[in-house]
Amino acid sequence: MHNNQSSVVPGLNLTSTSIVDQLISLRARRNNYIYTSGIGAHKLHIEAASWNSARHNCQDEGGHLAIINSMEEAQVIRKLVDTADIETIWIGAHDLFNEDEFVTIEDESIYKAGYSMWERGEPNNAGSNEHCLAVKKDGKFDDRDCKQAFSYVCEIRYPQVYV
Ligand code: BGC
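Thresholds applied
- Residues numbered from 1 in each chain as written.
- Predicted model: local features only at pLDDT ≥ 70, side-chain atom pairs only at ≥ 80, totals over all residues.
- Heavy atoms only, no water.
- Helix = DSSP H or I, 4+ residues; strand = E, 2+ residues; numbered from the N terminus.
- Areas by Shrake-Rupley, 256 points an atom, 1.4 Å probe, with all protein chains shown as cover.
- Core = buried A, V, L, I, M, F, W, Y, C linked by side-chain atoms within 4.5 Å.
- Buried < 20%, exposed > 50% of the residue type's maximum accessible area, 1.4 Å probe, protein only.
- Contact = heavy atoms within 4.5 Å.
- Phe/Tyr/Trp six-rings, centres within 6.5 Å; stacked < 30°, edge-to-face > 60°.
- Near = heavy atom within 4 Å.
- Polar contact = N/O pair within 3.5 Å; in protein donor to acceptor, adjacent residues only side chain to side chain.
- Nonpolar A, V, L, I, M, F, W, Y, C, P; charged D, E, K, R; others polar.
- Disulfide = S-S within 2.5 Å.

Trainee: Account for the overall build of the protein chain, naming residues and giving values.
Mentor: On a plain count of helices and strands, the protein chain comes out with four helices and eight strands. Secondary structure of the protein chain in N-to-C order comes out as α-β-β-α-β-α-β-β-α-β-β-β. Element-wise, carbon and sulfur atoms account for 50% of the exposed surface of the protein chain, whose accessible area totals about 9200 Å².

Trainee: Tell me what's going on with the nonpolar core, and back it up with residues and numbers.
Mentor: Judged by nonpolar contacts, the single largest core of 19 residues is most densely connected at Ile 68, Ile 77, Ile 89, Ile 91, Ile 110, Leu 133 and Phe 141. Top element by residues in this core is helix 3 (residues 71-83). It accounts for four residues. Non-local contacts of Ile 89, meaning those with residues more than four positions away in its chain, are made with Leu 44, Ile 77, Val 81, Leu 133, Ala 134, Val 135, Phe 150, Ser 151, Tyr 152 and Val 153. Judged by nonpolar contacts, the second largest core, of 15 residues, contains Tyr 33, Trp 51, Cys 58 and Leu 65.

Trainee: Before we move on, could you go through the packing of aromatic side chains and cite the residues and values that matter?
Mentor: Enumeration over the complete set of coordinates arrives at four aromatic pairs. Here Phe 102 and Trp 118 contribute two aromatic rings whose centre-to-centre distance is 5.0 Å and whose plane-to-plane angle is 65 degrees, an arrangement assigned as edge-to-face. Pair noted here: Phe 102 is in the loop between strand 4 (88-94) and strand 5 (103-104) and Trp 118 is in the loop between helix 4 (110-113) and strand 6 (132-136), with a separation of 16 residues, a long-range link. Take Phe 102 and Trp 118: they sit in the same class, and that class is buried. Between the aromatic rings of Trp 118 and Phe 141, the centroid separation amounts to 5.6 Å while the plane-to-plane angle is 90 degrees, which identifies the pairing as edge-to-face. Of the two residues, Trp 118 is situated in the loop between helix 4 and strand 6 and Phe 141 in strand 7 (residues 141-144); the sequence distance between them amounts to 23 residues. Every member of this aromatic cluster is reached through a ring pair, and the members are Phe 102, Tyr 115, Trp 118 and Phe 141.

Trainee: Tell me about the site of the ligand, residues and numbers included.
Mentor: Around the ligand, the surrounding shell consists of Glu 122, Asn 124, Glu 130, Asp 142, Asp 143 and Arg 144. Within the side chain of Asn 124, one N or O atom sits 2.7 Å away from an oxygen atom of the ligand. In isolation the ligand has 310 Å² of accessible area, and contact with the protein removes 50% of it. Residues belonging to the shell around the ligand are distributed by class as follows: no nonpolar, one polar and five charged.

Trainee: Give me the state of the cysteines: which residues, what numbers.
Mentor: Scanning all chains against the criterion turns up two disulfides. Each sulfur in the disulfide pair Cys 58 and Cys 154 lies 2.1 Å from the other. Between Cys 58 and Cys 154 the sulfur-sulfur dihedral comes to about -80 degrees; the bridge is accordingly left-handed. With Cys 58 in helix 2 (residues 51-60) and Cys 154 in strand 8 (residues 150-157), this residue pair connects regions lying 96 residues apart in the sequence. Among the residues examined, Cys 58 registers a relative accessible area of 0% and is labelled buried. Across the disulfide from Cys 132 sits Cys 146; the S-S distance is 2.0 Å. Measuring handedness by torsion sign, the sulfur bridge of Cys 132 and Cys 146 sits at about 100 degrees and is right-handed. Here Cys 132, found in strand 6, pairs with Cys 146, found in the loop between strand 7 and strand 8; they are 14 residues apart in sequence, far enough to count as distant. Judged by relative accessible area, Cys 132 falls into the buried class, the value being 0%. For Cys 146, a relative accessible area of 16% puts it in the buried group.

As structure tokens, then:
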């Protein structure tokens, strides 16, 4: 029996002031997420899925379909998508409740969430059937048919601590 608590969880240093940061990092690494300190952990799923399947798949691995809260987070996601050379991904927002009222999967307006950069001419609700939010390679938004299969990004969010 060791008195050294840091051996309880390999890689966890309990003497550090940023324990929450480390715990998130550990959980993220376990699930092959890419962790960016202060922003969150993200994982690109290259295999294409409908928006709702993507939403479920993220939840099944302990995350959620990504919500973009800042330009910095948009950049993290854009880099992931760009590196994998993918054209379009799903993120966690939609206007399924009310046309043109885009909300995150936590029911917050995307305009309040912190990042909302639409592609020129979007959202256009093409075919009156585009209610899920996709992000293009250039980091801009496009509303797409939720039944279409795209790659997607899951997130384990960095906890927002207010002091
Ligand atoms: C349009 C998008 C639309 C998509 C549907 C694109 O050419 O620019 O607005 O969502 O086609 O397939």
